[in-house]
Amino acid sequence: MRYGALEAGGTKMVCAIGDETGRIYEQISIPTTTPEETMPKIIEYFKMKEQEGHIDAIGVAAFGPVDVKPESPTYGSILDTPKLPWRNFSILNALKESFPIPIGLDTDVNGSCLGEMTYGSAKGLDSVMYITIGTGIGAGIAIGGKLVHGMLHPEAGHILVAPVAGDEKHCICPYHKNCLEGLAAGPSIEKRWGEKAANLVNRTEVWELESEYLAEAIVNFILTVSPQRIILGGGVMHQEQLFSLIRRKVVEKMNGYIRTPEMEDMDCYIVPASLHDDQGIMGCIRLAELALQQET
Ligand code: ADP
Ligand code: ZN
């Protein structure tokens, strides 16, 4: 099979062609500006690829909030986003008008979670959490093999955390006084320390604080979601020293309350994204495959 994949992000749209093995033949990136400008470029790309060979289905993983309920009249629309031109725009309808083939859709982070479960470090597991720590913080969750949607879809990046003493005024989330994204996403690190996060490698206090917030949130996620593995991706997690800090603090904060083989083996429990930052686009390939299976 030949699948189209669209990872629709707030800053860029990654379009790719691949197959069910997760192999990506090629991918391009288009800046996310307005639907009027961006969508025709995406459609043009897939039209061009269609001329080279039939595309069986397309998978889309979109920035949110996005309507992921197939039974909803606004299924596939971006909802209440601060990116005003995209508010109430239906990515799904725009694609459907040009491509009358099965199209699967989920959130960007659920896409990455699915990518890791299908092709990456969560293969064979059915309850997994994928957390991205980048421009924002978001989490994709699968339980019992199914990506979690619920009422809307999880927005676990905004979980409330206790501010560390002396760090009470550093949350930059416009909605919350102290939430994980507002305190620990890339832009927050940069505002607090006045320097690009990538340039702060040698400042141990930066990563000590960062891991404190991430560990606190992760303990809460373990207690509520009970995932079999937690995958951490996104630009900030390129700071590899964070992993050992986070693992140690999770064990400390959990304080022996949950005793499972997974919790005894933190190096395998909290792991980096394993697909060279292709987990999102590979998840889209799987979404396409699932959409095709559902319609045939
Ligand atoms: P996005 O979240 O927009 O999809 P990324 O996952 O690449 O994109 O995250 C971008 C954020 O990650 C920026 O805030 C940037 O400062 C931070 N970042 C990127 N590379 C690094 C790095 N090597 N170390 C620490 N932070 C980084
Ligand atoms: Zn928030």
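This one's a predicted model, so the numbers in the text were calculated from it and none came from an experiment.

Caption draft 1: Spatial organisation of the site of ligand 1. Around ligand 1, a shell composed of Gly134, Thr135, Gly186, Pro187, Glu190, Ala197, Ala198, Gly234, Gly235, Val236, His238 and Gln239 is seen. Within the side chain of Thr135, a nitrogen or oxygen atom sits 2.5 Å from an oxygen atom of ligand 1. Looking at the shell around ligand 1, its residues break down into four nonpolar, seven polar and one charged.

Caption draft 2: Representation of the pattern of salt bridges. The full count for this structure, using the stated rule, is 14 salt bridges. The salt bridge partner of Glu205 is Arg203, with a shortest N-O separation of 2.8 Å. Judged by its relative accessible area of 36%, Glu205 falls in the partly exposed class. Of the charged contacts in the structure, one is a salt bridge between Glu252 and Arg248, with a shortest N-O distance of 3.2 Å. Of this pair, Glu252 and Arg248 both sit in helix H7 (residues 241-254), four residues apart, which is roughly one turn of that helix. According to the relative accessible area criterion, Glu252 is partly exposed, its value standing at 49%.

Caption draft 3: Main features of the layout of surface pockets. Of the pockets and cavities examined, the second largest pocket occupies roughly 660 Å³. Surrounding the second largest pocket, 22 residues form its lining, Leu105, Asp106, Leu287, Leu290 and Gln294 being those nearest its centre. Mapped onto the lining of the second largest pocket, the elements with two or more residues apiece are strand S5 (103-107), helix H3 (108-119), strand S8 (146-147) and helix H10 (279-295). Per-element accounting of the lining of the second largest pocket gives the leading share, six residues, to H10. Here the lining of the second largest pocket is composed, by residue class, of eleven nonpolar, five polar and six charged.

Caption draft 4: Looking closely at the coordination of the zinc ion (ligand 2). At 2.1 to 2.3 Å from the zinc ion (ligand 2) lie its protein donor atoms, namely His158 (ND1), Cys173 (SG), His176 (ND1) and Cys179 (SG). Between the four donor atoms coordinating the zinc ion (ligand 2), the angles at the centre fall across 105 to 115 degrees, so the site counts as tetrahedral. Written as a sequence motif, the donor arrangement for the zinc ion (ligand 2) is H-x14-C-x2-H-x2-C.

Caption draft 5: Region of the structure containing the sheet that holds strand S7 (residues 137-143). Pairing within the open sheet is mixed, and its five strands lie in the order S8-S7-S6-S9-S10. Each edge of the open sheet carries a strand with a single partner, namely S8 and strand S10 (270-272). Sheet topology places strand S6 (residues 128-133) next to strand S9 (residues 229-233); five bridges connect them, and they run parallel. Bridge pairing links Ile131 to Leu232 in S9. Of the strands in this sheet, S6, S7, S8 and S9 are in contact with H3, which crosses S7 at around 50 degrees.

Caption draft 6: Summary view of the pairing of strand S4 (residues 57-62). Of all six residues that make up S4, six are buried, and the element is covered over most of its length. Burial of the side chains of S4 extends over both faces: Ala57, Gly59 and Ala61 are buried on one face and Ile58, Val60 and Ala62 on the other. Here six bridges tie strand S1 (residues 3-8) to S4, and the two strands are oriented parallel to one another. Paired with Leu6 across the bridge in S4 is Val60. Bridge count for S4 against S5 is five bridges, and the pairing is parallel. Bridged to Val60 within S5 is Leu105. In this fold, the crossover linking S4 to S5 by way of helix H2 (residues 91-98) has right-handed handedness.

Thresholds applied
- Residue numbers run consecutively from 1 along every chain, following the written order of its sequence.
- A letter from A marks each chain and a number from 1 marks each ligand, given out in the order of writing.
- Local features in a predicted model are, by the rule used here, given only for residues with pLDDT of at least 70; side-chain atom pairs are given and counted only at 80 or more, and totals for whole chains, interfaces and linings are based on all residues.
- Side-chain metrics in this entry use all non-hydrogen atoms of the structure; hydrogen atoms and water are not considered.
- We call a residue near a given molecule or strand whenever any one of its heavy atoms falls within 4 Å of it.
- Any pair of nitrogen or oxygen atoms within 3.5 Å is treated as a polar contact; in protein, a donor-acceptor pairing is required on top of that, and neighbouring residues in sequence qualify only through side-chain atoms on both sides.
- For this classification, Asp, Glu, Lys and Arg are treated as charged, while Ala, Val, Leu, Ile, Met, Phe, Trp, Tyr, Cys and Pro are nonpolar and the rest, including Gly, are polar.
- We define a salt bridge as a contact between a side-chain nitrogen of Lys or Arg and a carboxyl oxygen of Asp or Glu at a distance within 4 Å.
- Burial status follows relative accessibility: with a 1.4 Å probe on protein chains alone, a residue under 20% of its type maximum counts as buried, one over 50% as exposed, and anything between as partly exposed.
- Helix and strand definitions follow DSSP, with helices as H or I runs of at least four residues and strands as E runs of at least two, each counted in order from the N terminus.
- Using protein atoms alone on a 1 Å grid, points that fit a 1.4 Å probe yet trap it form a cavity, whereas open point sets bounded by protein on both sides within 12 Å along at least five of seven lines form a pocket; residues with an atom within 4 Å of a point count as lining.
- Grid points are joined across faces, edges and corners, and a volume is the space filled by probe spheres set on the points.
- Note on donors: an N, O or S atom is included if it sits within 2.8 Å of the metal, or within 3.2 Å for Na, K and Ca, and water is never included, so sites can look incomplete.
- Working rule for geometry: tetrahedral if four donors all subtend angles between 85 and 135 degrees; square planar for four, octahedral for six, if opposite donors exceed 155 degrees and the others stay between 65 and 115; irregular in every other situation.
- When DSSP finds two or more bridges between a pair of strands, those strands are recorded as paired.
- Throughout, a contact is declared for two residues whenever any of their heavy atoms are within 4.5 Å.
- Axes here mean lines fitted to C-alpha atoms, for a helix over just the part in contact, with angles spanning 0 to 180 degrees between N-to-C directions.
- Classification remark: right-handed applies to a crossover when, strands pointing away from the viewer, the course from the first strand over the helix to the second runs clockwise.

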